Amino acid sequence: MGEVHVDTLRDADLVSGAMSSMTPDVRRSGVASGLAFALVSATVFGLAGPLARGLLDNGWSAGAAVLARIGIAAVVLAPAAIWVLRGRWALLGANLGVVTVYGLVAVAGIQLAFFYAVTYLEVGVALLIEYTAPVAVVTWMWLRHGQRPGRLTLAGALVAALGLVLVLDVVSGASLDAVGVAWALAAMVGLAVYFVLSASQDNGLPPIVLAEGGLVVGTVVMALAGVVGLVPMTASTAPATYQDVAVPWWLATLGLGVLCAAVAYATGIAAGRRLGSRLASFVGLSEVLAALVFSVLLLAELPGPWQLLGGVLVLAGVLLVRAGEPDPDADLPAAAHLGAADAAVGPEAGVAGSRP
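Note that the structure is predicted; figures quoted are calculated from it, not measured. (Residues numbered from 1 in each chain as written. Predicted model: local features only at pLDDT ≥ 70, side-chain atom pairs only at ≥ 80, totals over all residues. Heavy atoms only, no water.)

## Focus: the side chain of Ser281
The following threshold applies: Runs of E in the DSSP output that reach at least two residues are strands. Runs of H or I that reach at least four are helices, and both are numbered from the N terminus. Exposure classes here rest on a 1.4 Å probe applied to the protein chains alone. A residue is buried below 20% of its type maximum, exposed above 50%, and partly exposed in between. Contacts are assigned to residue pairs with any non-hydrogen atoms lying within 4.5 Å of each other.
Structurally, the position occupied by Ser281 is in helix α11 (residues 277-283). Of the residues examined, Ser281 reaches a relative accessible area of 1% and is grouped as buried. Ignoring sequence-local partners within four residues, the contact set of Ser281 consists of Pro134, Val137 and Phe195.

Written out as structure tokens, the structure reads:
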């Protein structure tokens, strides 16, 4: 018994040593991959507007474009989501409320609210109001979870907000409509909910399952909104045009669904799980820069010098927030670190990972 006890202690020391040496690397790797996922998500989300413009200018209504976008994404992600679940339907059933809220608010609600906002406001003004969402996220995490923002985080928020003002060119003067402002604020709330729910790991849902569930709910809601006449639904088979280049309507629609929804939502949730809602929301500001770049490439809409300066400030704000944020894994319970270390140590240590 004594030898067994000593061997057990020695094995435990080996595992403990592996945990202490590998866990920091695992954390750094998680942050790096999270930033990569966040940038991919922001980039393809930024592609959506310019890509949709080609359809909207050729007879598509905003509602039809949104419905096609999220409907295609729901179909694309379905096989992967089913495979990841591996028959654990009870997990999905236990989180039906979360999935429903995600689909209603973070998928369908945010897009409906934004399209209504731009019927009353200039697009730049509506975007500026919507992208105050990171401030709402910081405030929520502070009030709800006690995560008080540091000076660098607050400085980054201010710098990024100033950059957005310049990028969106609202300093030239724009009229404000109270109804439009209300819809834009609703879109801002939807965006904040998207970041918070995407980062939450309490529900145990794999990122792709949450994305798929939300897209299915969003598709059903948008379809019902079209049936009852709340959202106009018109489409056209005319080619979409980008800088005098005609693209088949179905190809532009597939791009909206596969890239701008399926990839965008799946990578956005994966980023939130690794970075936390605050940092992910600030990195998401780069979506505006991506939208500007794609507007140049697809629509020949060139930004002015003030917009370029604004882009630099947005990036500087994101870097300040990143510098001021704590390690996303710093507050995880010991069991979570053990799971990460188990994955790093591997089967040689006789420990299996807790995630499929």
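From this point, the discussion proceeds with the structure in view.
## With respect to the confidence of the model for the protein
Spelled out, the test is: The predictor attaches a confidence to each residue, called pLDDT, with possible values from 0 through 100.
Per-residue pLDDT for the protein has a mean of 77; in total, 78% of the residues score no lower than 70. Long-range and interchain partners of residues 1-22, a stretch whose pLDDT sits below 50, account for eight contacts in this model, where long-range means more than four residues apart. Across residues 328-356, where pLDDT falls below 50, the model places 23 contacts with residues more than four positions away in sequence or in other chains.

## Considerations on the nonpolar core
Under the convention used in this document: We call a set of buried residues a nonpolar core when its members are Ala, Val, Leu, Ile, Met, Phe, Trp, Tyr or Cys and they connect through side-chain atoms within 4.5 Å of each other.
Among the nonpolar cores identified, the biggest contains 71 residues, and Tyr102, Tyr194, Leu215 and Tyr265 are the most heavily contacted of them. When residues of this core are assigned to their parent elements, the largest contribution, 10 residues, is made by helix α4 (residues 96-117). When sequence neighbours within four positions are dropped, the list of residues in contact with Tyr194 reads Ser41, Phe45, Tyr102, Ala106, Ala264, Tyr265, Gly268 and Ile269. Listed in part, the 18 residues of the second largest apolar core include Ala64, Ala65, Ala68 and Leu298.

## Notes on the packing of aromatic side chains
The line we're drawing: Any two rings among Phe, Tyr and Trp, with Trp reduced to its six-membered ring, count as a pair given centres within 6.5 Å; such a pair is stacked if its planes are under 30 degrees apart, edge-to-face if over 60, and tilted if neither. Put simply, a charge is over a ring when the Lys NZ or the Arg CZ is close to the ring centre, within 6 Å, and near the line of the ring normal, within 35 degrees.
Under the defined criterion, the tally for this structure stands at seven aromatic pairs. Between the aromatic rings of Phe45 and Tyr194, the centroid separation amounts to 6.1 Å while the plane-to-plane angle is 90°, which identifies the pairing as edge-to-face. Pair noted here: Phe45 is in helix α1 (residues 2-56) and Tyr194 is in helix α8 (residues 178-199), with a separation of 149 residues, a long-range link. Pair check on accessibility: Phe45 and Tyr194 agree, each one buried. Among the aromatic side chains, those forming a connected cluster through ring pairs are Phe45, Tyr102, Tyr194, Phe195 and Tyr265. Above the plane of the ring of Trp83 lies Arg86, whose end atom (NZ or CZ) is 4.3 Å from the centre.

## Some thoughts on the packing of α8 against helix α10 (residues 249-275)
How two helices sit against one another is set out by the angle between their axes and by the gap between those axes. Here is the rule we go by: Every angle, taken between N-to-C directions, lies between 0 and 180 degrees, and every axis is a line fitted to C-alpha atoms, over only the stretch in contact when it is a helix. Crossing handedness is read from the near helix: turned anticlockwise from the far helix by less than a right angle, it gives a left-handed crossing, and turned clockwise, a right-handed one. Asp, Glu, Lys and Arg are counted as charged, while Ala, Val, Leu, Ile, Met, Phe, Trp, Tyr, Cys and Pro are counted as nonpolar; the rest, among them Gly, fall into the polar class.
Contact geometry for α8 and α10: axes closest at 7 Å, N-to-C directions at 65°. The way α8 lies across α10 gives a crossing that is right-handed. Each of Tyr194, Ser198 and Ala199 in α8 lies in contact with α10, whose residues at this interface are Ala264, Tyr265, Gly268, Ile269, Gly272 and Arg273. Its residues assigned to classes, the contact of α8 with α10 comprises five nonpolar, three polar and one charged.

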